[in-house]
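A look at the structure
Listed here are the chains, written in short residue letters.
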Amino acid sequence: MISRRHMLLMGGAAAMPWPGRAQQTPAKKRIALIIGNASYSEGIGTLSNPINDANVVAEGVRNCGFRLVSGDIVQNAGRSAMMSAIRDYVAELKAAGPEAMGFFYYSGHGAARETGGNYLIPVGEADELNEALWDDSVELDWLMERLDALEAPSVVAIDACRNVLKLPEAQRSLGGGEAFRGLRRTAGGAGERNMFLSFATWEGETASDGRADDGNGPYARALGIRLNEPATTVRDMFEQVRLDVLEQTLQRQEPMNLSRLQRRSSDIKIGSWTRDPSESSAETSRYPLRHALIIANSYSDAGDLSLPNVHHDGEIVRSALASAGYETIYLPDGNDRETRDQVDLFVQRLDAAGPASVGLVYFAGYGTALDGENVLLPQGPIPRSKSELRDQGIWISDLVAQMEAASSQAIMMLVDCGRPFSLGGEKGEDRGFSESFGKDRVVVAYADAPGTYHPDGKAPSLFADAFARNVVTPDRISIQSVLRRVNDDVMHASEGQQRPWFQTSLDLPIYFRADLLPEEAGEPSVEDSSPNSPRRYKRR
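Read on for an overview of the structure. (Residues numbered from 1 in each chain as written. Predicted model: local features only at pLDDT ≥ 70, side-chain atom pairs only at ≥ 80, totals over all residues. Heavy atoms only, no water.)

**Brief notes about the overall build of the chain**
Stated formally: Secondary structure is summarised from DSSP: a helix means a run of H or I of at least four residues, a strand means a run of E of at least two, and numbering begins at the N terminus for each. Working definition: with a 1.4 Å probe on protein chains only, accessible area under 20% of the residue-type maximum means buried, over 50% means exposed, and in between means partly exposed. The contact definition used throughout considers only heavy atoms, calling two residues in contact when any of these lie within 4.5 Å. Each accessible area value is a Shrake-Rupley result obtained with a 1.4 Å probe; residue values ignore everything except the protein chains displayed when judging cover.
Within the chain, the secondary structure is distributed over twelve helices and 28 strands. Relative to its full complement of 540 residues, the chain shows a buried share of 58%. Taking the intrachain contacts of the chain between residues at least 6 apart in sequence as the baseline, contacts between residues at least 24 apart amount to 77%. When the accessible surface of the chain is split by element, carbon and sulfur atoms take 46% of a total near 20,700 Å².

**Re the side chain of S198**
Using the following cut-off: Throughout this description, a polar contact denotes any pair of N or O atoms lying within 3.5 Å of each other; where both atoms belong to protein, one of them has to be capable of donating a hydrogen while the other can accept it, and for residues adjacent in sequence the pair is counted only when both atoms sit in side chains.
Within the secondary structure, S198 is located in strand β12 (residues 195-199). Assessed through its relative accessible area of 0%, S198 is described here as buried. A distance of 2.7 Å separates polar atoms of two side chains, one belonging to S198 and the other to Y219.

**Overview of the nonpolar core**
Most often, soluble globular proteins keep nonpolar side chains buried together rather than apart. Heads up, the rule is: Each nonpolar core is a collection of buried residues, namely Ala, Val, Leu, Ile, Met, Phe, Trp, Tyr and Cys, held together in the definition by side-chain atoms within 4.5 Å.
Core analysis: the largest hydrophobic core is formed by 70 residues, its most contacted members being L321, Y326, L360, Y362, F467, I479 and F512. Non-local contacts of Y362, meaning those with residues more than four positions away in its chain, are made with L293, I294, I295, D313, G314, V317, L414, D416, S461, F463 and A464. In this structure, M83, F104, Y119 and V123 belong to the second largest nonpolar core, which totals 44 residues.

**What about the sheet that holds strand β19 (residues 367-370)?**
How we decide: A strand pair is defined by DSSP finding two or more bridges across the two strands.
Pairing in this open sheet of three strands is antiparallel, and the strands run β19-β20-β21 from one edge to the other. The sheet terminates laterally at β19 and β21 (394-395), the two strands that pair on one side only. Strand direction decides the pairing type here: strand β20 (residues 373-376) and β21, joined by two bridges, are antiparallel. Following the sheet pairing, V375 is matched in β21 by W395.

**Remarks on the packing of helix α1 (residues 50-63) against helix α5 (residues 218-227)**
Geometrically, a packed helix pair is captured by the angle between its two axes and the distance between the axes. Put simply, the rule reads: A fitted line through C-alpha atoms represents every axis, and for helices the fit uses only the stretch in contact; the resulting angles, taken between N-to-C directions, go from 0 to 180 degrees. Note on angle classes: values under 35 degrees are labelled roughly parallel, values over 145 roughly antiparallel, values of 65 to 115 roughly perpendicular, and the remainder oblique. Left-handed describes a crossing whose near helix is turned anticlockwise from the far helix by less than a right angle; the clockwise case is right-handed. Under the scheme applied, nonpolar residues are Ala, Val, Leu, Ile, Met, Phe, Trp, Tyr, Cys and Pro; charged residues are Asp, Glu, Lys and Arg; polar residues are all the others, including Gly.
Relative orientation of the contacting elements α1 and α5 amounts to 15°, with a least axis distance of 8 Å. Comparing their axes, α5 and α1 come out roughly parallel. For the pair α1 and α5, the crossing hand works out as left-handed. Where α1 approaches α5, its residues D53, V56, V57, G60 and V61 are matched on the opposing element by A220, L223, G224 and L227. A per-class count over the contact of α1 with α5 returns six nonpolar, two polar and one charged.

In structure tokens, the structure reads:
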């Protein structure tokens, strides 16, 4: 059965006045087509909420001054009915001219064919998962080509399942074990001009239909709320939808917004034209959900034991996490008190962000194992004995336990400490670290596997470099995948001399991806950067 997914939503409207302004109603034509398909055959998989989703979005766009081309939502439509409604919508938008605005929303099943193309699946014709499915469905490119030929800007909404159906060469139904993925990102390029596209989930991933008793999927719910708020730019409204969905789903589902709006249309607005901005009831700014604390200790007064490159290591990790949407605190050369204060602040930020938040701590400096426990050295004198280490060290287990008590859904602890040092001629009780880690919602990663260390402690960190490179990606990637890639990269760069290690007790996947800045208006771009852009909190 196809799992429910949300696809592309393009929405936009010119600035809309509220009462008291000279213009009391939208002057430019706004035309919308809303389709909701739910009553699929058992062979395809029925859905609970697309009709509800379509109605919520229809109510919202009407409140934004749009007129539904069909008079009401189109529901449970077959292929011919869907294509007929799309033709009518495109014809009316063309007749309205370049000053008009279009809004297309589809909720239902959708799929991406392995050989290319995204498809919206009608109700009725398609009743089995076999090769005939593609002939019975509506290709998204067919819609895009028609909208591309128009002068009017469009906001297109596909709230669909975006699954890759892995059909065998023989035309037969899929077995229950076959994998499904999300709709592929549309090709872009010369096409898709003057559109704003918003996928309800990231490319290649599944989105929630919502439970039957929820009434709506998380994307439609968020969109319906934001459409009824005072008008703002299309980009800003869909950014709020993205954040809403992340929070609702504990970051398991993340919409993907892409702008192909031409410069003349880049400032178009969408929202309720009857409401003053001061009347906003929905939250328009929230505490960031992703937080990182970066600590890099150079031990600058330790003579030959100083680490001249750890500030560089800390900075490249901080920069990469900021690019991945993390609110970062950077603490260079943090002594014991400063380190503990920043950890306290970090936990407070996670508590304020709530159960959808995730936290990451990166520590670069010296560390060792003592009495079976892993110990980090704050900035200051290098301990000369085990007793001094007990007095001066910060136990990783204490830090992890403190962070586990936060209300966040996950904690990641990256420890870049595989540098050799001596305690007045003695090593710590053990070489490197022991295999201890948090037991609840925690990932712990070491730059060097337990019991090992790398010989050149003063060189730039291969672990930091590999981590920074792998988290900055336009596509979502899980922390487990990042760390596996980091392990491979470090092993390759060190010719097998350094082997990182990680262990996880996460129940839910945690993802990274780059917040790509929008390119010049008119050019294709991914617009995902948050109004809560990561800021640098560096100790002065």
